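Listed here are the chains, written in short residue letters.
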Amino acid sequence: MSTYNKEQVAHLAAGTLDWDTTFRMLQMPKDKARFSMYVEALQAKLTFPDRIVLPLGPHLYIVQSAKNKQWIVKCDCGHEFCGYKENWKLFANIYVRDTPEAMADVYPALMAPDTKWQVYREYYCPSCGTMHDVEAPTPWYPVIHDFEPDIETFYKEWVGMPLPERAA
Amino acid sequence: MNMLSNTETGFADLLKNGQTLSQFRGDVIERTNTTGYYNGLEKLELRERDPIGYEKLFSKLRGGLVHARETAKKIAASPIVEQEGELCFTLYNAIGDCVLTSTGIIIHVGTMGAAIKYMIENNWEANPGIAPGDMFTNNDCAIGNVHPCDIATIVPIFHEGRLIGWVGGVTHVIDTGAVTPGSMSTGQTSRFGDGYMITCRKTGVNDTPLRDWLHESQRSVRTPKYWILDEKTRIAGCHMIRELVEEVIAADGIESYEKFCYEVIEEGRRGLMMRIKDMTIPGVYRKVAFVDVPYAHEDIGVSSKFAKLDSIMHSPCKMTIKQDGKWRLDFEGASRWGWHTFNAHQVAFTSGMWVMMCQTLVPTQRINDGAYFATEFRLPKGTWCNPDDRRTGHAYAWHFLVSGWSALWRGLSQAYFSRGYLEEVNAGNANTSNWLQGGGINQDGEIHAVNSFEASSCGTGACAVKDGLNHAAAIWNPEGDMGDIEIWEMAEPLLYLGRNVKANSGGYGKYRGGCGFETLRMVWNSQDWSMFFMGNGYMNSDWGLMGGYPSATGYRFEAHNTGLERRIANGEAIPLGADLDPGLHTYEQSIDATSLVKRDKQCMTTEDCYANHDLYLNYLRGGPGFGDPLDRDVKSIEKDLNELFLLPEFAAKVYAAVVTQNAKGVYTVDAAKTAARRAEFRKERIARSVPTREWMKEERARIISKHASTPVQHMFATSFALSEVFKNEFKTFWNLPADWDVLETELGVPSYGSKFRMDLSLMPDVRTIVQVEE
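For the structure given in this document, a descriptive report is provided here. Everything quoted here is computed from the prediction, not taken from an experiment.

Next up on the list: the overall build of chain A. Of regular secondary structure, chain A possesses five helices and eight strands. Ordered by position from N to C terminus, the α and β elements of chain A give α-α-α-β-β-β-β-β-α-β-β-β-α. If one aligns the C-alpha atoms of chain A with their principal axes, the spans along those axes are about 50 × 45 × 30 Å. Put simply, chain A has 168 residues, and 46% of those count as buried. Put simply, 46% of the contacts in chain A that link residues at least 6 apart link residues at least 24 apart.

This is the structure:
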């Protein structure tokens, strides 16, 4: 197994890691310490004191609130969406591309979906306008709750790390 | 006392242990189910006692499989096999569980195993008999093949008169004698038009193909020369591997060989669970994918009126990664199979999926049925991925399969991202189309069929640390190769007028999806020629990840009565190169104004005539993007603009880039101005959006008033009819009245097959193999 240092993992998270090391990461068995180094690298970039429990996206995290130890879904701008078990998209802003005109802002003529068949739902942070997700379902499709991680098993049994405290 | 001998009872005693193959297989299944270990192998005795010997056995067998594939493929003349590598060889133990497989289309790790199991459970050992030197051929999609063009040759392996295993070889043939030409045609609506169908037929004895088989099979397809050389390819590979096994047994002993053939499967089972624990995060992941099935259009000319409807394939996937590293893939809510050629047998799903997984979760040489035993599949009966009717067509099952699997990429990539293995993140796979297919009388005056495998090279999905690769690979063939122009021009009466990267085809994002490519083909020197299109047009089958956009959809361009013969003779301008901006109709400016041009979203058509000098644009799709496009660095945008991968209009509209172009046509993106523009762009996003729950009230009203297109309603109607669970979840989410429903009968479209269906298992004297929860 290869091992990597914090600086390399920080570069990976920032998208600035050299290709040779990236390729080694792809090629070799995974390094067990990655998760802790990764969270540490991401934590260093946050401007608020809440502790990252699990990264969900490039700007989205499950964090332990510094105020009350509750686990919440939070944007890196500081916007708090909801409790970690809820679907954050229901607490986001949405813009639905459901007309040919709206699709024409994204694709050249003939290269966008027909909005009678498929729409785009863009989920934005209500505070900073970051686009956290784009769903591409049919009209009527329920908002999908993508991911319900079993964080307790992951921390305690899979990576052997102490589980961050969680207030009810 | 007079007693019946084995001859009279029909008991072949192939295992020399007094058991039928079915009884022996039943015992292995029982030991597996009882203990949780494959064949009850809690202890890997050989591996633990002699780890180096075990690895040597592995290397010899695996190396031999790969060697046989590389050698045998040189026999083939079909560019699909010889250029694209659409073949593979697989070694099975006596009950048809996969021990090891070669490189190539390892989709077939389980498909040929399903055929072997079918022979076992339907007493092939009594009739037609299984003997040394026999050859069996199968392409039957109702017992596990992916599509009829994958022809499998299966050879039993004996040691001192005892059956110890099987070897199978498969090639993707260029034509199957279906209603319309090409290996994956669209003109048929059921199995009965899907082409020549062979059900585990004994096609050779004493290592020699039977003459009735040779005569019948070659005249059953349009391309007999390619067919027979493919057959020789498969037989040669199988026999090479059988000899290899004999050599291994001579060197290492039969006991070690047989132990290996079971232990390596248990090792594969443990290996997948270990990798899941090493790379992912336990929990529940929900993803979904769709495919448009636009069959109402006038350019779909099928024989059955009931197939003429627009519908949508629905593939919801609930992926549960468990505490112990096992995982469960549940497709509750999937839509019903249909009267087209995109249906998939359950084994096509459970076996084919590993060609994707070997590119992400299991990137090892140890691909075998062990991974299957570490996975719980739930494919509800009656859905597109587990049809409950023996009439279903399967010629292009991949169309739905690869689209359904795009959801798995996103689920796994969520896990990789959250865990920090960013290098493994892949936003998904391209819809691997268009498929240029057709046939007629070619440039050599022969009856011919074509299926351009340029689709082997589509754009790949974006990663979390880099862009996807342009025109790189298709999910179903990890060795993706678009093939040489010169080879395709020999195989097809179609000249190349262009082969370019397709601008804007990769999904936008912080890291964009890989772009696809497009080739402009001109019919040349044919005598009678037909072609058709097959791909996605009205919908995307992928989604993009974490703020990235899906790739672009397809469109079609074809032109007839072009005047190109005269234009070429006169040295006038002709269409060349890329269709850079489809809205500008550039090609039309270099053909006669009286040409018949079809430039639209109908990317699914059936066989239509093309004259010499007609045009056909083969556009291969791009991959989906990752991350918010506003995070894309300006130098990458600049590079895309200057390499014609991105139109300037969309640099501004999607990336909020502030772009200038100098007198030489070189684009520059101003970093400071772009940063300022992006700040405004984010504010504009907030201004044009609404809280999700507010929008849900409007959408709920549209659902209650049944405001949606017919294909959308049809998709939900077929999913609801098969799954009360899905319907109840849907109604609960939208808080719909108890009596709200959508039924096919209210949609005014054909509903043939919606109520009355008959499964293969209901035929007399047939035992089907079920390997999933239904």
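What follows covers the interface of chain A and chain B. Between chain A and chain B, the residue contacts involve 65 residues of the former and 71 residues of the latter. When residues of the side of chain A that touches chain B are traced back to their parent elements, those giving at least two are helix H1 (6-14), helix H2 (19-27), helix H3 (34-45), strand S1 (51-57), strand S5 (93-97), strand S7 (131-135), strand S8 (147-149) and helix H5 (151-158) of chain A. A per-element tally of the side of chain A that touches chain B places S7(A) first, with five residues. Across the side of chain A that touches chain B, the residue classes break down as 42 nonpolar, eleven polar and twelve charged. Examined bridge by bridge, S5(A) and strand S23 (residues 690-691) of chain B share two bridges and lie antiparallel to one another. Bridging across to S23(B), Ile94(A) finds its partner in Val690(B).

Residue and element names in this part refer to chain A. Pairing in this open sheet of four strands is antiparallel, and the strands run S1-S2-S3-S4 from one edge to the other. The open sheet is flanked by S1 and strand S4 (80-83), the only strands paired with a single partner. Each strand of the sheet is rotated relative to its neighbour by a mean of 25°, with strand direction disregarded.

Another aspect to go through is the pairing of strand S17 (residues 556-560) of chain B. Residues and elements named next belong to chain B. Of all five residues in S17, four are buried; the element is thus mostly enclosed. The pairing of S17 with strand S18 (residues 596-600) spans five bridges and is antiparallel. Counterpart to His-560 in the pairing with S18 is Leu-596. As paired elements, S17 and strand S20 (residues 615-620) share two bridges and run antiparallel to each other. The partner of Glu-558 across the bridge, within S20, is Tyr-616.

Once that is clear, we can look at the sheet that holds S23(B). Reading across the sheet, the four strands line up as S7(A)-S6(A)-S5(A)-S23(B) and stay open at both edges, with antiparallel pairing between neighbours. With one partner strand each, in any of the chains shown, S7 of chain A together with S23 of chain B form the two edges of the open sheet. Strands in contact with helix H18 (residues 671-688) of chain B are S5, strand S6 (120-124) and S7 of chain A; relative to S5(A), the strand with the most contacts, it is inclined by about 85°.

Residue and element names in this part refer to chain B. Residue placement: Ala-152 occurs in strand S4 (residues 150-159). You can call Ala-152 buried: it has 27 C-beta atoms within 10 Å. In this structure the C-alpha to C-alpha distance between Ala-152 and Met-112, which are 40 residues apart in sequence, comes to 6.9 Å. In this structure, Ala-152 is in contact with Met-112, Ala-115, Thr-137, Asn-138, Asn-139, Gly-168, Gly-169 and Val-170, ignoring residues within four places of it in sequence.

Okay, the packing of helix H9 (residues 224-252) of chain B against helix H10 (residues 254-279) of chain B next. To characterise two packed helices, one gives the angle between the axes of the helices and the distance between these axes. Residues and elements named next belong to chain B. Running from N to C, H9 and H10 point in directions that differ by 120°, and their axes come no closer than 7 Å. With respect to their mutual orientation, H9 and H10 come out oblique. Between H9, through Val-248, Ile-249 and Asp-252, and H10, the contact on the second element is made entirely by Ile-254, Ser-256 and Tyr-257. Of the residues assigned to the contact of H9 with H10, the class counts are four nonpolar, one polar and one charged.

What follows concerns the packing of helix H4 (residues 51-72) of chain B against H9(B). Residues and elements named next belong to chain B. Viewed as axis vectors pointing N to C, H4 and H9 meet at an angle of 160°, and their least axial separation amounts to 9 Å. In terms of orientation, H4 and H9 fall into the roughly antiparallel class. You can see that H4 and H9 cross each other, and the crossing is right-handed. Contacts between H4 and H9 involve Leu-57, Lys-60, Leu-61, Gly-64, Leu-65, Ala-68, Arg-69, Thr-71 and Ala-72 from the first element and Thr-233, Ala-236, Gly-237, Met-240, Ile-241, Leu-244, Val-248 and Asp-252 from the second. Residue classes in the contact of H4 with H9 are distributed as ten nonpolar, four polar and three charged.

A word on the environment of Lys287(B). Position of Lys287(B) among the secondary structure elements: in strand S8 (residues 283-294). A count of 24 C-beta atoms within 10 Å places Lys287(B) in the buried class. Separated by 31 residues in sequence, Lys287(B) and Lys318(B) place their C-alpha atoms 6.6 Å apart. Beyond its immediate stretch of four places on either side in the chain, Lys287(B) contacts Asp146(A), Cys317(B), Ala407(B), Arg410(B) and Gly411(B).

Definitions and limits used
Per-chain numbering applies: the sequence of each chain, read as written, is numbered from 1 onward. Chains and ligands are labelled sequentially in the order written, the chains with letters from A and the ligands with numbers from 1. Local features in this predicted model are restricted to residues whose pLDDT is 70 or higher, and side-chain atom pairs enter the listing and the counts only when it is 80 or higher, whereas totals over whole chains, interfaces and linings include all residues. Segments assigned H or I by DSSP are reported as helices when at least four residues long, segments assigned E as strands when at least two residues long, and all are numbered from the N terminus. The burial criterion counts other C-beta atoms lying within 10 Å of a residue's C-beta, which is placed from the backbone; the residue is buried at 20 or more, exposed at 12 or fewer, and partly exposed between these limits. Residues are defined as contacting one another if the C-beta atoms placed from their backbone atoms lie within 7 Å. Nonpolar residues are Ala, Val, Leu, Ile, Met, Phe, Trp, Tyr, Cys and Pro. Charged residues are Asp, Glu, Lys and Arg, and all others, Gly as well, are polar. Any two strands with at least two DSSP bridges between them are considered paired. Here an angle of 0 to 180 degrees is reported between the N-to-C directions of two axes, which are lines fitted to C-alpha atoms, with helices fitted over the stretch in contact. Oblique is the label for any angle not covered by the other classes, which are roughly parallel (under 35 degrees), roughly antiparallel (over 145) and roughly perpendicular (65 to 115). For any pair of crossing helices, the crossing counts as left-handed if the nearer helix is rotated counterclockwise from the farther one by less than a right angle, and right-handed if it is rotated clockwise.

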